[in-house]
Structures are given as C-alpha cells and as structure tokens.
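Inside the fold
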Amino acid sequence: MKTERILVTGGTGYIGSHTVVELQQAGYRVVIIDDLSNSSADVIDGIERITGSRPDFVEGDCTDIDTLKRLFADYPDIKGIINFAASKAVGESMQRPILYYRNNLNTLLNLLDLMGPNGVKGIVFSSSCTVYGEPDVNPVTEKSPIKKATSPYGNTKQISEEIITDVINAGAPFKSVILRYFNPVGAHPSAEIGELPNGVPQNLVPYLTQTAMGIRKELSVFGNDYHTPDGSCIRDYINVVDLAKAHVIAVERMLTDKTEAPIEIFNLGTGHGVSVLELIDTFTKATGVEVPHKIVGRRAGDIEKVWADPTYANEVLGWKAETSLADTLRSAWDWQCRLRDRGIM
Ligand code: UFG
C-alpha cells in the first residue's frame, strides 16, 4: 500500500468508480467525495467486491468550500486529486445552464483554491473531445483547433481548461494533467460496476443495452445521411477500464515529478472511428443478441465524425487502449444482465 492518498471527486459515478478500482489495485489509498446526485452509495460495495478493500467515502457537495476544507483537515495525506464531480448531460445543460456553470466551475475553483495550502501535488481533470467541436480533419490531435462550444456543458470543459492554465501559469505550486475523453463505454469485466443512467439514457450504449434487454422498444439511429461510409455518425468508443487506467498513470506522473510540463493534455481514445450502425452490428456479433432499431432524423447538435489520434498518450504516458470494441460491448451487456438479476432494471 502506498502512503499517498488520492481524492476522487465524483468517485461513485461511472468513470470515477472504475478509476477508484484501478487506483486501489495500484496500491493507492482513496477517499471519494460524491453528493450522490447521479449515483448510488451501493457502488462502493461493488468497488469493495472487486478490490477487496473499501475506499473511504464522504457524502458531500464539492461546490461547498467548507465541506472540502473539512475533508482536507480529516485527510492530511491527500497528495493528488482526480476531479470527476461534474454535471455531464449535454441536453440538460441547454435547459439548466446555471446549474452546469455552478457545479462544474465552482467545484474546480474550490479544489484549485485548496490544493496549495494542503500540499496537494497535482490534479487530473476530466475534459472531453467536445472541445474540438466538428473537426476539420480526423483524427484529432491535442493541437487540433478548439472550436466554439455548442452547449453550456461543453463550455464548462473549455473554461475549466483555461482556468487550470491561468492558475498554474500564475505560479500555483501544483501540476495538472488534462485528459480529453472520447466516448467512454462498457463496464468492469466483473460486472460489479458499470454505467447506471438516471431515467431514459441519452447515450448510445446504455440505450442499446436497455433495448436489447427489452426495457426500450427500439433504438433510434439518429441519421443515415451523414457524409460517412454508411451514413451514420462516427465516434471513437473507448473502454472505460482502459480509460480509468490512464488516470492512474497521470496521477503517478505528477506525484513522482515525471511530468514534462506543469500542464499536460492528452487525448484518450482508441484511434478508430466506428459508426453507429457498425457499433450495433458489433454488439450483435459479440453477444448474439439482436437490437431492434430504426433510422430516424438527425439529433440536433450532433457532430458528424470525430476520432482521436492517441499517439501522444501512447508515447508519453505509455498508455494504449487495449480492449476490443466487441469485448467492451460484451461487458456493457454483462452489466445490463447483472442489473436485471439484481432487480434494479
Ligand atoms: N445515438 C443514436 N441513438 C441514440 C443515442 C445516440 O443514434 O439513442 C448516436 C448519436 O447520434 C451519436 C452516437 O450515437 O452519433 C453517440 O452518441 P452519444 O450520445 O452516446 O455520445 P455523444 O458523442 O453525443 O456525446 C459524448 C458524451 C458527451 C460529450 C460528447 C463530446 O456523452 O458527454 O461525447 O462530443 F460531450
């Protein structure tokens, strides 16, 4: 067991919980803070079943600085932060922009404010390929142009990257690794943790697995008239466990002073673009389960195609997406079956 502790904000959420597992398996002590607004404390049981140890957990809201001050006082051994605590639904952010700016920006400001006085060496920030908008050229590298955000959610990611840059350029005594995720999908291979969206899923894979289970009647494919080989949109679907592992490497770099600059930015994707129709086909081949689906009109705001050039992460972090899309989709299906077996869904 390492002596350093990592604070994982939003650690009971989808990507957060998978990252806590990888951190614990790498020997880190972990404390999670989460307000459970979009997750359940049961996730901690799942983490314990996988890793054999239970992360410390504080139920609390990171936009409240006094809550965070108490947490740092209780855990003087925190040396790194991974910040997942954020609202993340693009559509909801159009309806409730203040909620998004408040949650996502105040949380970040509070953490940055408290890191120096509490001797925290670095923060990993969850950013998104959404900062590239509709790219002129694929795959996108970290040097590809940042496009004007098309939603308050996307804007919070861009502003957050700028805030971190300004704070570190002003001489803050810590580092940051900014990770731009492409489309995280799948679940832990144990099926003990996975994605559990509130209400009707907005994202492709949870909608697909719920349709395959018969919870939803059919999956709508949003458009087949894009300029892509089969007409449906193309994304870079990255396995959530592979993604989680990159966070452990990022934390390790900061804690052991291996970073090449005070701020490092990495794309986390597979480097392969996959269309919606290809993904449905891969799911059926991997699981043997048919997915009723129909083509409908385009979804407003969708990007036609985007996929990552992950070379920089591959070379500098020594990290690579390893899990095939078929295995990833099988893990998402196993998780959906587990939810059924537990009577959750
Ligand atoms: N799609 C469907 N049917 C559905 C849901 C999605 O056809 O029921 C399609 C979308 O049109 C898109 C693809 O599946 O082509 C992926 O859609 P998702 O909603 O799963 O993911 P997005 O690429 O739209 O959004 C994701 C994250 C956001 C992030 C964004 C960055 O969910 O948080 O990538 O572009 F901001």
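Coordinates for the structure precede this section.
Residues numbered from 1 in each chain as written. Predicted model: local features only at pLDDT ≥ 70, side-chain atom pairs only at ≥ 80, totals over all residues. Heavy atoms only, no water.

1. A word on the overall build of the protein
- A count of helices and strands for the protein gives eleven helices and 13 strands.
- Computed over C-alpha atoms, the radius of gyration of the protein comes to 19 Å, within 12% of the 20 Å expected from 2.2 N^0.38 for 345 residues, which places it in the range of a compact globule.
- Taken along the three principal axes of its C-alpha coordinates, the protein extends 55 × 45 × 40 Å.
- Burial statistics for the protein: of 345 residues in total, 53% are counted as buried.
- Split by element, the accessible area of the protein, about 14700 Å² in all, is 50% carbon and sulfur.
- Separation between the mean location of the 34 positive side-chain charges and that of the 44 negative ones in the protein comes to 1 Å. (Helix = DSSP H or I, 4+ residues; strand = E, 2+ residues; numbered from the N terminus. Rg over C-alpha atoms; globule rule 2.2 N^0.38 Å. Buried < 20%, exposed > 50% of the residue type's maximum accessible area, 1.4 Å probe, protein only. Areas by Shrake-Rupley, 256 points an atom, 1.4 Å probe, with all protein chains shown as cover. Lys, Arg positive; Asp, Glu negative; His and termini not counted. Charge placed at Lys NZ, Arg CZ, Asp CG, Glu CD.)

2. Thoughts on helix 11 (residues 325–341)
- For helix 11, with 17 residues, the first-to-last C-alpha span of 24 Å sits near the 24 Å given by 1.5 Å per residue.
- Positive phi appears at glycine 343, one or two residues downstream of helix 11, with a value of about 75°. (Expected span 1.5 Å × (residues − 1).)

3. Points about the site of the ligand
- Around the ligand sit 20 residues in total, of which Asn203, Leu204, Ser220, Arg235 and Asp302 are the nearest.
- In this structure, serine 220 approaches the ligand through a main-chain N or O atom, which is 2.7 Å from a nitrogen atom.
- Surface burial for the ligand is 89%, taken as the share of its 680 Å² of free accessible area covered by protein chains.
- Per element, the largest residue contribution to the shell around the ligand is four residues, and it comes from strand 8 (residues 219–222).
- Residues belonging to the shell around the ligand are distributed by class as follows: ten nonpolar, six polar and four charged. (Near = heavy atom within 4 Å. Polar contact = N/O pair within 3.5 Å; in protein donor to acceptor, adjacent residues only side chain to side chain. Nonpolar A, V, L, I, M, F, W, Y, C, P; charged D, E, K, R; others polar.)

4. Describing the packing of helix 1 (residues 14–25) against helix 2 (residues 42–51)
- Packing of helix 1 against helix 2 leaves a shortest axis separation of 10 Å and a crossing angle of 30°. As for the relative orientation of helix 1 and helix 2, their crossing is right-handed in sense. Contacts from Ser17, Val20, Val21, Gln24 and Gln25 in helix 1 reach Val43, Ile47, Ile50 and Thr51 in helix 2.
- Residue composition of the contact of helix 1 with helix 2, grouped by class: five nonpolar, four polar and no charged. (Axes fitted to C-alpha atoms, helices over the stretch in contact; angles between N-to-C directions. Left-handed = near helix turned anticlockwise from the far one by under 90°. Contact = heavy atoms within 4.5 Å.)

5. Let's talk about the pattern of salt bridges
- This structure, assessed with the given rule, holds 23 salt bridges.
- Measuring nitrogen to oxygen at the nearest pair gives 4.0 Å for the salt bridge that ties aspartate 56 to arginine 5. Placement of the pair is aspartate 56 in strand 3 (residues 56–59) and arginine 5 in strand 1 (residues 5–9), with a sequence separation of 51 residues.
- Relative accessible area serves as the criterion here: at 11%, arginine 5 is assigned to the buried category. (Salt bridge = Lys/Arg side-chain N within 4 Å of Asp/Glu carboxyl O.)

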